[in-house]
Amino acid sequence: MTDILQLLIYGLVLGSVLTMGAIGVSMIFGILRFAHFAHGDFMTLGAYLGLSFISAFGLSSWWALPAAMVGMGVIAVFIDQVLYRRIRRTQPVILLIASFGMALILRSLVQLIWGSDNQTYASGIQFPWQLDWLGGMRLKPDHLWIMLISLALVAGVHLFLTRTRLGKAMRAMSDNMDLALVSGIPAERVIMVTWVIGGALAAAAGVFLGIDTRLHPVMGWTTLLPVFAAAILGGIGRPYGAIAGGMIIGVSMEMSTLLIPAAYKPAVAFAIMVGMLILRPQGIFKGTV
Amino acid sequence: MELSGLASYLVSFLTFAGVYAVLALGLNMQWGFTGQFNIGIAGFFAVGAYTSAILTTPSSPAYLGGFGMPFLVGLAGAVIASTLLGLVVGLITARLRTDYLAIASIGIAEMVRLFVKNEGWLTNGVRGIAGIDRPFADTVLDSPLTYLVIVALFVAGVYFLVERARASPWGRVLRAIRENEPATAAAGKSIAGFRLQAFVLGSAIMGLGGGLYAHFFGFLSPEAFMPLYGTFLVWVMLIAGGSGNNRGAILGAIVVWGVWSGTALLTGLLPTEYATQGAALRVLLIGVLLQVILVTRPEGILPEKPPKLLARKR
């Protein structure tokens with residue numbers, strides 16, 4: 001029983017990471033209609049930006065988060081303006097190819113700048129709290145923080161989408177592009193904000209992953225498949241669905257280690273995704289097929 | 001001595017380019033004609049390569065088989081195995097929009113790689129399979145040059161087949177699906193059916209490429225099937241050469257493989273302690289090359305020829 005609770009905690013931590021990535025993928029898909037394949041490498045780059053920031057100023061690991069989010073938000077807009085904007089007028093699938101190329105460019109940049117060895121934000125082992133009232137389950141402070149901060153970020157995205165003009169404009173564009181454009185929604189500004197949020201959340205996912213495990217140039221790429229699985233499960237183009245999808249995929253991946261070798265964790269995410277594509281391709285929350 | 005070194009480099013270069021040309025032709029069937037986005041090429045390539053290796057190597061206690069079969073049986077096995085994989089992926093994704101295929105295909109490639117890495121009983125895991133013979137091994141004909149000729153024959157054969165397919169009514173339907181799906185459906189064509197056929201055919205060609213690669217390189221390990229080499233280069237080749245044009249696919253394979261090998265010579269000039277950075281720099285250059293092509297000349301070196309208009313009677 002304790003084992004299962006323990007895995008549930010790990011699953012929710014992983015789910016938080018995946019949710020941060022999947023919200024961005026889902027929003028970008030909703031607005032620009034393409035699957036953003038560089039999102040995993042956005043996560044990687046964000047994590048490394050945070051690393052440079054904290055080592056430059058000698059700060060503790062959590063300071064990596066705001067630095068990475070701001071930095072990645074700016075870089076995402078920059079990449080969009082330099083590359084994606086130029087080919088946006090052609091078919092969305094060309095954007096898909098470009099983003100795939102961008103993924104490799106970003107990864108090799110990370111390798112060039114920071115090297116390809118494993119790195120960590122802070123050395124040493126963090127002692128978990130022993131929760132005796134929950135059957136001696138252990139909880140690391142970092143894990144608790146990852147879950148709480150994700151919750152806060154999700155709440156922030158929710159407030160943005162429901163309470164601000166720009167957020168409402170974004171939902172309108174995602175629901176019905178033509179109608180939104182006809183009613184005079186500033187498309188370029190919405191697209192820019194989409195990239196800022198998507199980039200910042202990807203950076204948050206990267207930093208969480210870096211705090212939970214370690215930093216590595218392919219950390220984001222290997223997380224991309226579960227992130228897509230989460231976005232599809234929730235209904236692609238639906239940011240709220242991404243939360244449900246992220247948590248389900250995260251928990252299933254960790255729980256699966258009870259039954260199958262841990263090396264096949266990504267396969268679980270993939271199997272859920274394929275099952276979903278066969279049974280209900282529009283996702284739990286009826287996204288854009 | 002100098003000259004023979006150059007000649008053998010050229011033979012090896014062209015053989016590699018030939019293997020990539022087969023992969024690019026397979027991708028052209030899927031993306032160039034039908035508009036199906038497959039970025040799991042590495043998966044089909046790996047399945048083909050391993051199938052052929054297991055079928056043709058002498059029996060070994062470390063992994064399944066080998067069965068010591070002849071070269072052509074190995075290639076046939078490679079084609080059959082990747083056809084089956086293509087059928088499974090195609091059946092799942094044929095009804096969905098192409099973004100889903102892209103995501104599913106990358107999943108397939110990752111699964112294949114995980115499987116190859118972790119199931120040592122079948123593939124010898126990370127230690128890999130060594131000693132895969134070229135055809136005509138232990139005869140006078142066994143030389144890299146002979147193998148180049150064999151690969152060239154296969155490229156020519158595949159080119160002939162896909163070019164026939166392109167010119168046929170079947171190929172016209174594929175391009176119609178790519179250009180305008182609702183109109184093609186309205187003309188009574190089964191979109192999912194044609195997509196599935198094109199996808200499976202493309203996958204089979206990629207499997208053939210994998211088999212050819214295995215016998216050329218002689219050694220397989222999961223590292224060879226990272227998305228970069230298996231998938232990304234083939235995409236750059238097709239886009240650079242001209243997607244939708246079979247000659248463009250072959251030309252792109254040669255040109256981009258030339259650029260890729262050229263960057264290797266360039267980064268080889270760097271001091272050895274920068275070896276890993278050099279590898280990253282090469283990927284960066286190829287990535288930037290792709291973006292430049294996409295922005296400035298998305299139709300590639302040899303653009304797809306528009307179909308001949310029938311002379312209209314006035």
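Residues numbered from 1 in each chain as written. Chains lettered and ligands numbered in written order. Predicted model: local features only at pLDDT ≥ 70, side-chain atom pairs only at ≥ 80, totals over all residues. Heavy atoms only, no water.

Below, the discussion takes up the overall build of chain B. From N to C terminus, chain B includes 12 helices and zero strands. Its helices and strands taken in sequence order, chain B reads α-α-α-α-α-α-α-α-α-α-α-α from the N to the C terminus. Radius of gyration (C-alpha) of chain B: 20 Å, near the 20 Å computed for a compact globule of 314 residues. Along the longest, intermediate and shortest principal axes, the C-alpha atoms of chain B span 70 × 40 × 40 Å. Looking at chain B as a whole, 56% of its 314 residues are labelled buried. For chain B, restricting intrachain contacts to residue pairs at least 6 apart in sequence, the fraction spanning at least 24 positions comes to 77%. Working note: accessible area of chain B is about 14,000 Å², and carbon and sulfur atoms make up 70% of it. (Helix = DSSP H or I, 4+ residues; strand = E, 2+ residues; numbered from the N terminus. Rg over C-alpha atoms; globule rule 2.2 N^0.38 Å. Buried < 20%, exposed > 50% of the residue type's maximum accessible area, 1.4 Å probe, protein only. Contact = heavy atoms within 4.5 Å. Areas by Shrake-Rupley, 256 points an atom, 1.4 Å probe, with all protein chains shown as cover.)

Secondary structure summary: chain A contains 11 helices and two strands in total. The linear arrangement of helices and strands in chain A, starting from the amino end, is α-α-α-α-β-β-α-α-α-α-α-α-α. Computed over its C-alpha atoms, the radius of gyration of chain A comes to 19 Å, within 12% of the 19 Å expected for a compact globule of 289 residues. By principal-axis analysis of the C-alpha atoms, chain A measures approximately 60 × 45 × 35 Å. Within chain A, the fraction of its 289 residues that count as buried is 57%. Contacts spanning at least 24 positions in sequence make up 75% of the contacts within chain A whose residues lie at least 6 apart. As displayed, chain A offers around 11,800 Å² of accessible surface, 67% of which is attributable to carbon and sulfur atoms. Computing the positive centroid from 18 side-chain charges and the negative centroid from 11, chain A places the two 11 Å apart. (Lys, Arg positive; Asp, Glu negative; His and termini not counted. Charge placed at Lys NZ, Arg CZ, Asp CG, Glu CD.)

Counted at 1.5 Å a residue, the expected span for helix 12 (residues 275-296) of chain B with its 22 residues is 32 Å, and the 32 Å between its end C-alpha atoms agrees. By the burial criterion, the buried members of helix 12 of chain B are B:Gly278, B:Ala280, B:Arg282, B:Val283, B:Leu284, B:Ile286, B:Gly287, B:Leu290, B:Gln291, B:Ile293 and B:Leu294. (Expected span 1.5 Å × (residues − 1).)

Residues and elements named next belong to chain A. In this numbering, the UniProt entry assigns the feature "transmembrane region" (unreviewed entry) to residues 7-35, 47-80, 92-114, 143-161, 190-211 and 258-279. The distance separating the terminal C-alpha atoms of residues 143-161 is 27 Å; by composition the span is 100% helix and 0% strand. Helix and strand shares over residues 258-279 are 68% and 0% respectively, and the end C-alpha atoms of the span are 26 Å apart. (UniProt positions renumbered as here; feature names shortened; annotations may be inferred.)

On to the nonpolar core. Ranked by size, the top nonpolar core spans 196 residues in total, and within it A:Phe37, A:Trp195 and B:Trp31 carry the most contacts. Sort the elements by how many residues they give to this core and helix 8 (residues 187-212) of chain A lands first, with 15 residues. For B:Trp31, the contacting residues outside a window of four places in its chain are A:Val93, A:Ile94, A:Ile97, B:Gln36, B:Phe37, B:Arg178, B:Trp235, B:Leu238, B:Ile239 and B:Ser243. (Core = buried A, V, L, I, M, F, W, Y, C linked by side-chain atoms within 4.5 Å.)

All names here are of chain A. Taken as a whole and judged by the stated rule, the model has 23 aromatic pairs over all chains. Relative to phenylalanine 100, the ring of phenylalanine 37 has its centre 6.4 Å away and its plane inclined at 80°; by these criteria the two rings are edge-to-face. Residue phenylalanine 37 is located in the loop between helix 1 (2-32) and helix 2 (39-57), and its partner phenylalanine 100 is located in helix 4 (residues 92-114); the two are separated by 63 residues in the primary sequence. Considered together, phenylalanine 37 and phenylalanine 100 belong to a single accessibility category, that of buried residues. (Phe/Tyr/Trp six-rings, centres within 6.5 Å; stacked < 30°, edge-to-face > 60°.)

With the exception of glycine, the majority of residues adopt a negative phi angle, and the majority of peptide bonds are in the trans configuration. With a phi angle near 60°, A:Arg33 is a residue other than glycine that sits in the positive phi range. Here A:Arg33 is to be found in the loop between helix 1 and helix 2.

Our focus in this paragraph is the interface of chain A and chain B. Across the boundary between the two partners, chain A contributes 40 residues, which contact 40 residues of chain B. Where chain A abuts chain B, roughly 3,600 Å² becomes buried across the two surfaces, and 81% of that area is made up of carbon and sulfur atoms. If you look at where chain A meets chain B, you find zero salt bridges. Counting only elements with at least two residues in the side of chain A that touches chain B, the list comes to helix 3 (64-87), helix 4, helix 9 (219-234) and helix 11 (265-279) of chain A. Of the residues forming the side of chain A that touches chain B, the biggest block, 14 residues, is contributed by helix 4 of chain A. (Buried area = accessible area lost by both parts, 1.4 Å probe. Salt bridge = Lys/Arg side-chain N within 4 Å of Asp/Glu carboxyl O.)

All names here are of chain A. Here arginine 107 shows up in helix 4. Residue arginine 107 is classed as buried on the basis of its relative accessible area, which comes to 12%. Arginine 107 has contacts with Asp41, Pro217, Val218 and Trp221, leaving out every residue within four places of it along the chain.

Taking 1.5 Å of rise per residue, 24 residues should cover 34 Å, and helix 6 (residues 144-167) of chain B covers 34 Å from first to last C-alpha, within 8% of that figure. The complete set of buried residues in helix 6 of chain B reads B:Thr146, B:Tyr147, B:Leu148, B:Ile150, B:Val151, B:Val155, B:Val158, B:Tyr159, B:Val162, B:Glu163 and B:Ala165.

Turning to the packing of helix 9 of chain A against helix 4 (residues 98-118) of chain B, a few remarks are in order. Between helix 9 of chain A and helix 4 of chain B, whose axes approach to 11 Å, the crossing angle comes to 135°. When the axes of helix 9 of chain A and helix 4 of chain B are compared, the pair comes out oblique. The interaxial crossing formed by helix 9 of chain A with helix 4 of chain B has left-handed handedness. Side by side, helix 9 of chain A and helix 4 of chain B meet where A:Trp221, A:Leu225, A:Phe228 and A:Ile232 of the first sit next to B:Tyr100, B:Ile103, B:Ile106, B:Gly107, B:Glu110 and B:Met111 of the second. Classifying every residue of the contact of helix 9 of chain A with helix 4 of chain B by side-chain character gives eight nonpolar, one polar and one charged. (Axes fitted to C-alpha atoms, helices over the stretch in contact; angles between N-to-C directions. Parallel < 35°, antiparallel > 145°, perpendicular 65-115°, else oblique. Left-handed = near helix turned anticlockwise from the far one by under 90°. Nonpolar A, V, L, I, M, F, W, Y, C, P; charged D, E, K, R; others polar.)

The subject of this paragraph is the pattern of salt bridges. Inspection of the entire model under this criterion finds 10 salt bridges over all chains. Where A:Lys265 meets A:Glu254, a salt bridge forms, and the shortest distance between an N and an O atom there is 3.4 Å. Here the residue A:Lys265 occupies a position in helix 11, and A:Glu254 occupies one in helix 10 (residues 239-255), the gap between them amounting to 11 residues. Measuring nitrogen to oxygen at the nearest pair gives 2.9 Å for the salt bridge that ties B:Arg178 to B:Glu179. Given the relative accessible area of 26%, B:Arg178 is considered partly exposed. In the salt-bridge network here, residues are joined through shared partners; they are A:Asp80, A:Arg88 and A:Glu188.

Before going further, it helps to examine a positive patch on the surface. All names here are of chain A. Side chains of Arg163, Arg165, Lys168 and Arg171 sit close together on the surface and give a patch of like positive charge. Considering every element that reaches the positive patch, the biggest residue donor is helix 6 (residues 165-175), with three residues. Relative to the elements of secondary structure, arginine 165 occurs in helix 6. When its relative accessible area of 77% is taken as the criterion, arginine 165 is described as exposed. (Patch = residues over 30% accessible without salt bridge, like charges linked within 9 Å, V, L, I, M, F, W, Y side chains within 5 Å.)

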